[in-house]
Structures are given as C-alpha cells and as structure tokens.
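Examination of the molecular architecture
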Amino acid sequence: MPDYNVNHLKQLESEAIYILRETAAQFERPALLFSGGKDSIVMTHLAYKAFWPAKMPFPLLHVDTGHNFPETLVYRDDMVAKLGLDLKVASVQKAIDDGRVVEEKGANASRNVLQIQTLLDALEEGQYDAALGGGRRDEEKARAKERFFSHRDEFGQWDPKNQRPELWNLFNGRMQPGENFRVFPLSNWTEMDVWQYMKYENIVLPSLYYAHERDVVVRNGTILAVSEFVQPRDGEVVEKKQIRFRTMGDATITGAVLSDADTMDKIIDEVAAARETERGNRADDKRSESAMEDRKKAGYF
C-alpha cells in the first residue's frame, strides 16, 4: 500500500487540470510561469497531461534574474527539449541594461524585486492575458488571499480586496482591455501534497532538492550556498555541510536547510516533521512583515 492517499492526490490533480483547461478556454494568450522550482515543474507536468496528445497550448515563460543556480537552468533546458515545449525567457539583466530597472546596491542587494517590471514587460510584449503560476495558499499569508483566477488591473497590480467571487467551480475570466489574470491551479495543494504527487507520478527534480554536501555560509540566520553570486564576507566562515533546498529562487536569497534526506521518501518524512513553512528561509520574505504582499500588489507573481 502506498503511504499517501491516492484518491486525494487524484482529486487535486483533477481540479488543477480542470483549471488549466478553463484557462486555455477562457483566455486568448495564456503563459505558464516557470521558475525551475518544484511547483512550476508540477504545473508543467499537469499541463502536459491536460492537453496530451496535443501540444501544450501555451508557452513557458521564465523570468531569468541572472542569479539562478546552474542546476536549475540545465534542468529547464533539458525538460523543454525532452517535452518539445515552447520556452520564452525574460531577462532581468537585459532590463537593467535597457534602463527599465535599477540594480539594488548594498550588502543585501537582490534582484528579486526587479523581476516585477521584467515580468510585466514580458506579459505586455507577448500580449499574454493570463499567467499561470504555481503559488499555493499554504506557502505564505499573502498567497493565501489569492483566488484561482486572480484579477490584475491595467498596470498589472493586485488588489486583494477587489477579487471576483468563486462559487463552486465557476471562474470568471472577464476583463477590460489591458487587464490580465494570474491563475493558480495549485492553490489547494500543500507542500506535502506536492511531494507525494511527485512521488506518485515519478517526477524527476533538480538535484538541489536532495541532500548533498556543499560549501555554505550562514548570513543573518540563513544558510546560503557559496557560489559565484554568494561569496563570504569579512567574518563569515565557509563550512561544508549536508544541505538541501525546500524552495527554489535566486542563489543570493534562497536559504538551505540542514538535511540528510537524499531520497523522495526521506524528504516526505522531513516535510511531515517540519514546523516552518518552506519559504521561512527565504531572505526576500524577511525584508518586512508584508514583503510578499507588497511585491504582489506591484505585479509580482
């Protein structure tokens, strides 16, 4: 017997596939936001299943900050080639070079906020009227406020107090010219659901999600992997530790956890015992109590 509820996973899968198909039916030019994290990987897997044997009817859109883990980009390119998907890449570095955004300065500078304008520019350039995201309500309090079909105004901004009611499985995608939607098919999933579904579907993930030995520094209570983007500062000690990542983002802001979970079964056991959300070790979410909500109101996904 499997150590998960297959019926529960099938219900979540059915709901997500229904929303993916509704998105394709209601919108003219949707796109699936792909970060290389486990949630966007599951989203891509579900979308591939939803429209098989036809080709997925929308592209993947990756906002590339230039600070990605190399393993993430290798995984992305291999997956796109294997499944024959259409990949669009919006570059934060190009937005900086073009003067669309300004690089942050200082010791804790991040490109995370710069993704907002880069994403909005990419949606405008591609004339995308819906952007599918892998956000889940259990991740963070701002994401808990999202509807499945989350309305954005003509400036790409989100008003959590001005969202459409969603009764039963009826979703309202009507909008005025210039407006668009973010769509979240995984809203009702939990981190545990995602991992159990990946085990059930035998989904391959980037090696970063599994425990491995790596040089790290501890900065402001966050374990960061030493890389070309993260170098030790004065007073910081480089240590070799057994770590893995619960969530995926820029190498400069994504904290690791100490772990010996090198298989999916071990990770599921670890998630079951966790007392902190997976984003609890993200430096970008620690900037303020409302950091995520502020970014989402400005157009963040």
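Residues numbered from 1 in each chain as written. Predicted model: local features only at pLDDT ≥ 70, side-chain atom pairs only at ≥ 80, totals over all residues. Heavy atoms only, no water.

1. Thoughts on the sheet that holds strand 7 (residues 212-219)
Across the sheet, which stays open at both edges, the four strands sit in the order 8-7-9-10 with antiparallel pairing between neighbours. Edge strands, defined here as strands with exactly one partner in the open sheet, are strand 8 (222-225) and strand 10 (257-258). (Pairing = 2+ DSSP bridges. Helix = DSSP H or I, 4+ residues; strand = E, 2+ residues; numbered from the N terminus.)

2. Points about the domain arrangement of the chain
According to the domain assignment, the chain contains domain 1 (8-194 + 289-298) and domain 2 (206-283). When each unit is reduced to the centre of its C-alpha atoms, the spacing between domain 1 and domain 2 is 24 Å. For the pair domain 1 and domain 2, the two sides together bury roughly 2100 Å², of which 54% comes from carbon and sulfur. At the boundary of domain 1 with domain 2, the tally comes to two salt bridges. Glu191 is the partner of Arg246 in a salt bridge, and the nearest nitrogen-oxygen pair spans 2.6 Å. Our enumeration of links across domain 1 and domain 2 arrives at five residue pairs in polar contact (both at pLDDT 80 or more). Taken together, the residues of the side of domain 1 that touches domain 2 sort by class into six nonpolar, ten polar and eleven charged. (Domains from an automatic or database assignment. Buried area = accessible area lost by both parts, 1.4 Å probe. Salt bridge = Lys/Arg side-chain N within 4 Å of Asp/Glu carboxyl O. Polar contact = N/O pair within 3.5 Å; in protein donor to acceptor, adjacent residues only side chain to side chain. Nonpolar A, V, L, I, M, F, W, Y, C, P; charged D, E, K, R; others polar.)

3. Notes on the pattern of salt bridges
Using the criterion set out here, one finds 19 salt bridges in the structure. One salt bridge connects Glu201 with Lys49, and the closest N-O pair in it is separated by 3.2 Å. In this pair, Glu201 is assigned in helix 6 (residues 191-201) and Lys49 in helix 2 (residues 38-51), connecting sequence segments 152 residues apart. For Lys49, a relative accessible area of 31% gives the class partly exposed. Between Asp86 and Lys88 there is a salt bridge, with its nearest N and O atoms 3.8 Å apart. According to the relative accessible area criterion, Asp86 is partly exposed, its value standing at 30%. Here Lys88 falls in the partly exposed class, since its relative accessible area comes to 36%. (Buried < 20%, exposed > 50% of the residue type's maximum accessible area, 1.4 Å probe, protein only.)

4. Notes on the nonpolar core
Val42, Leu46, Trp189 and Trp195 are the most contacted members of the largest nonpolar core, which totals 56 residues. Secondary-structure elements contributing two or more residues to this core are helix 1 (6-26), helix 2, helix 3 (70-83), strand 4 (130-132), strand 6 (180-183), helix 6, strand 8 and helix 7 (264-273). Considering each element in turn, this core owes the most residues, seven residues, to helix 2. Split by domain, this core shows at least three residues from each of two domains, domain 1 (8-194 + 289-298) and domain 2 (206-283). Beyond its immediate chain neighbours, meaning those up to four positions away, Leu46 contacts Glu13, Ala16, Ile17, Leu20, Leu186, Trp189 and Tyr197. (Core = buried A, V, L, I, M, F, W, Y, C linked by side-chain atoms within 4.5 Å. Contact = heavy atoms within 4.5 Å.)

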